[in-house]
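A closer look at the structure
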Amino acid sequence: MRIIDAHMHYCSADGFRQTAVAAGHINTADCWAEICRENNIVFSIAMGNTMDATCRFGGIPPRLINLKEPFDENCYNQDAYIGYCLGVQSELINEKNAEATAREFEFYLKQPQSLGIKLYPGYNTVYVNDRRHWPLFELARVYHVPVVIHTGDTANSMGLLKYSHPLTVDEAAVTFPDVTFVIAHCGNPWIVDAVEVASKNRNVCIDMSGLLAGRTDPLKLYERNADYFRYLRLWLNYLGQYDKVLYGSDWPLVNIPIYLEVMQHVIPEKEQEKFFYTNALRVFWKINKLL
């Protein structure tokens, strides 16, 4: 079965190196390429992590994927299996520079491998539907690209959860009904809230990235967390729309073979082709041209 990883990180920062080791991987481009070959991952979408872009129009440039060593700085141009979402540094945007910031993003969004926009509420203390995001949402509408939103728990104690609760996506989805919003991490631990937002709004999807961390025996892992996975599957079945649920790993946080095996237990077999592959092709439609 072909797989598209709709949510991973392609960054050489120290923190990513450490999490990769904990998951049994090495945080390098070669390691990721080998993982893709071994697991039939035909495409992956990196979330923008660093603000390395050049400012051209007087706004705040997007956070791109960090391609400093050990990564080849041209790899997402040379390898068709990697695209990226433009990360937003929301706290730096204000009423005066919001439109100029959208022009900065538009410059990069015209690139073939630029597939969407990524917000980091919780890490950035700005609500999803804050007006400073509206020019970016309008840009997403014009270019028909999704807006991926970090929801749920944050990786450090400095994050503020009131900004990353999945219910905050509802208002943006209503305000911009022609924009597709992706609730990343299924709102974990507020899974039922994330599912309800996706159930209510036709323009909201969910990705299942980053629900586990590290490396362990998959069967023991599944048994130890059996109640959690049953709860997860319960609410996904309540949603009843597996065309709205996308596979993502949050690599290098997780061990990929183990995570794939666990997800195959969570997602009904008849829905797995959509979950692992075709839903991402529809939501991130520019992938079709790259493949």
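Residues numbered from 1 in each chain as written. Predicted model: local features only at pLDDT ≥ 70, side-chain atom pairs only at ≥ 80, totals over all residues. Heavy atoms only, no water.

**Notes on the nonpolar core**
Core analysis: the biggest nonpolar cluster contains 72 residues, and Trp32, Phe181 and Met208 have the highest contact counts within it. If you tally residues by element for this core, the top one is helix α11 (residues 256–266), at seven residues. Methionine 208 has contacts with Cys186, Leu232, Leu236, Val245, Leu246, Gly248, Tyr259, Met263, Val266 and Phe275, leaving out every residue within four places of it along the chain. (Core = buried A, V, L, I, M, F, W, Y, C linked by side-chain atoms within 4.5 Å. Buried < 20%, exposed > 50% of the residue type's maximum accessible area, 1.4 Å probe, protein only. Helix = DSSP H or I, 4+ residues; strand = E, 2+ residues; numbered from the N terminus. Contact = heavy atoms within 4.5 Å.)

**Looking at the packing of helix α8 (residues 191–200) against helix α10 (residues 226–239)**
At a closest axis distance of 9 Å, the pairing of α8 and α10 adopts a crossing angle of 15°. Relative to α10, the element α8 is oriented roughly parallel. Read as a crossing pair, α8 and α10 show a hand that is right-handed. Of the residues in α10, those in contact with Ile191, Val192, Val195, Glu196, Ala198 and Ser199 of α8 are Tyr228, Tyr231, Leu232, Trp235, Tyr238 and Leu239. A breakdown of the residues in the contact of α8 with α10 according to their chemical character gives ten nonpolar, one polar and one charged. (Axes fitted to C-alpha atoms, helices over the stretch in contact; angles between N-to-C directions. Parallel < 35°, antiparallel > 145°, perpendicular 65-115°, else oblique. Left-handed = near helix turned anticlockwise from the far one by under 90°. Nonpolar A, V, L, I, M, F, W, Y, C, P; charged D, E, K, R; others polar.)

**Notes on the packing of aromatic side chains**
Here the structure, examined in full by the defined rule, presents 14 aromatic pairs. Aromatic pair tyrosine 127 and tyrosine 163: ring centres 4.5 Å apart, planes at 40°, arrangement tilted. Within this pair, whereas tyrosine 127 is found in the loop between β4 (114–119) and α5 (134–143), its partner tyrosine 163 is found in helix α6 (residues 161–164), the two being separated by 36 residues in sequence. Since its relative accessible area comes to 37%, tyrosine 127 is described here as partly exposed. Between the NZ or CZ atom of arginine 63 and the centre of the ring of tyrosine 120, over which it lies, the distance is 4.4 Å. (Phe/Tyr/Trp six-rings, centres within 6.5 Å; stacked < 30°, edge-to-face > 60°. Lys NZ or Arg CZ within 6 Å of the ring centre and 35° of its normal.)

**Some thoughts on the sheet that holds β4**
Strand order in the open sheet formed by eight strands is β1-β2-β3-β4-β5-β6-β7-β8, and the pairing between neighbours is parallel. Looking at strand neighbours, the two that pair on one side only are β1 (3–8) and β8 (245–246), the edges of this open sheet. Two strands pair when backbone bridges link them, and β4 and strand β5 (residues 147–150) are joined in this way by three bridges, in the parallel orientation. Bridging from a neighbouring strand, lysine 118 pairs with valine 148 of β5. (Pairing = 2+ DSSP bridges.)

**Description of the side chain of arginine 63**
Within the secondary structure, arginine 63 is located in the loop between β2 (41–47) and α3 (75–78). It is glutamate 91 that comes nearest to the buried, bridge-free arginine 63 among opposite-charge side chains, at 8.2 Å. Those residues in contact with arginine 63, other than ones at most four positions away along the chain, are Gly48, Asn49, Thr50, Met51, Cys85, Leu86, Gly87, Val88, Gln89, Tyr120 and Asn124. (Lys, Arg positive; Asp, Glu negative; His and termini not counted. Salt bridge = Lys/Arg side-chain N within 4 Å of Asp/Glu carboxyl O.)

**Details of the pairing of β4**
With respect to burial, β4 is a largely interior element, six of its six residues being buried. Sheet analysis places strand β3 (residues 82–87) next to β4, joined by four bridges and oriented parallel. Counted as the bridge partner of cysteine 85 is glycine 116 from β4. Note on the crossover from β3 through helix α4 (residues 98–109) to β4: the handedness is right-handed. (Right-handed = clockwise from strand over helix to strand, strands pointing away.)

**Overview of the environment of histidine 185**
Residue position: histidine 185 is located in the loop between β6 (181–184) and α8. Excluding residues within four positions of it along the chain, histidine 185 makes contact with His7, His150, Thr151, Asp207, Ser209, Gly210, Leu211 and Asp250. One polar contact links the side chain of histidine 185 to the main-chain carbonyl oxygen of serine 209, over a distance of 2.9 Å. (Polar contact = N/O pair within 3.5 Å; in protein donor to acceptor, adjacent residues only side chain to side chain.)

**Let's talk about the pattern of salt bridges**
Within this structure, the stated rule accounts for six salt bridges. Between aspartate 178 and arginine 202 there is a salt bridge; the shortest N-O distance is 3.6 Å. A residue pair is termed long-range when its members are at least 10 positions apart, and aspartate 178 in the loop between α7 (168–175) and β6 and arginine 202 in the loop between α8 and β7 (204–207) qualify at 24 residues. The class for aspartate 178 is exposed, based on a relative accessible area of 55%. Of the charged contacts in the structure, one is a salt bridge between lysine 274 and glutamate 271, with a shortest N-O distance of 2.9 Å.

**Structural notes on unusual backbone geometry**
Residues asparagine 188 and proline 189 are joined by a peptide bond in cis, for which omega reads 10°. Looking at where proline 189 falls in the secondary structure, it is placed in the loop between β6 and α8. That bond from tryptophan 251 to proline 252 is cis: its omega, 10°, falls within 30 degrees of zero. Residue placement: proline 252 occurs in the loop between β8 and α11. You will see that asparagine 40, though not glycine, has its phi angle at about 60°, which is positive.

**Description of the confidence of the model for the protein chain**
Scored by pLDDT, the protein chain has a mean of 91; 94% of the residues are at 70 or more. The model gives residues 67–80 a pLDDT under 50, and that stretch makes 32 contacts with residues more than four places away or in other chains. (pLDDT = per-residue confidence, 0-100.)

**Focus: the environment of alanine 280**
Following the sequence through the fold, alanine 280 ends up in helix α12 (residues 272–283). Spatially, the C-alpha atoms of alanine 280 and isoleucine 191 are 20 Å apart, while their sequence positions differ by 89 residues. Excluding residues within four positions of it along the chain, alanine 280 makes contact with Ile4, Ala6, Leu246 and Ile287.

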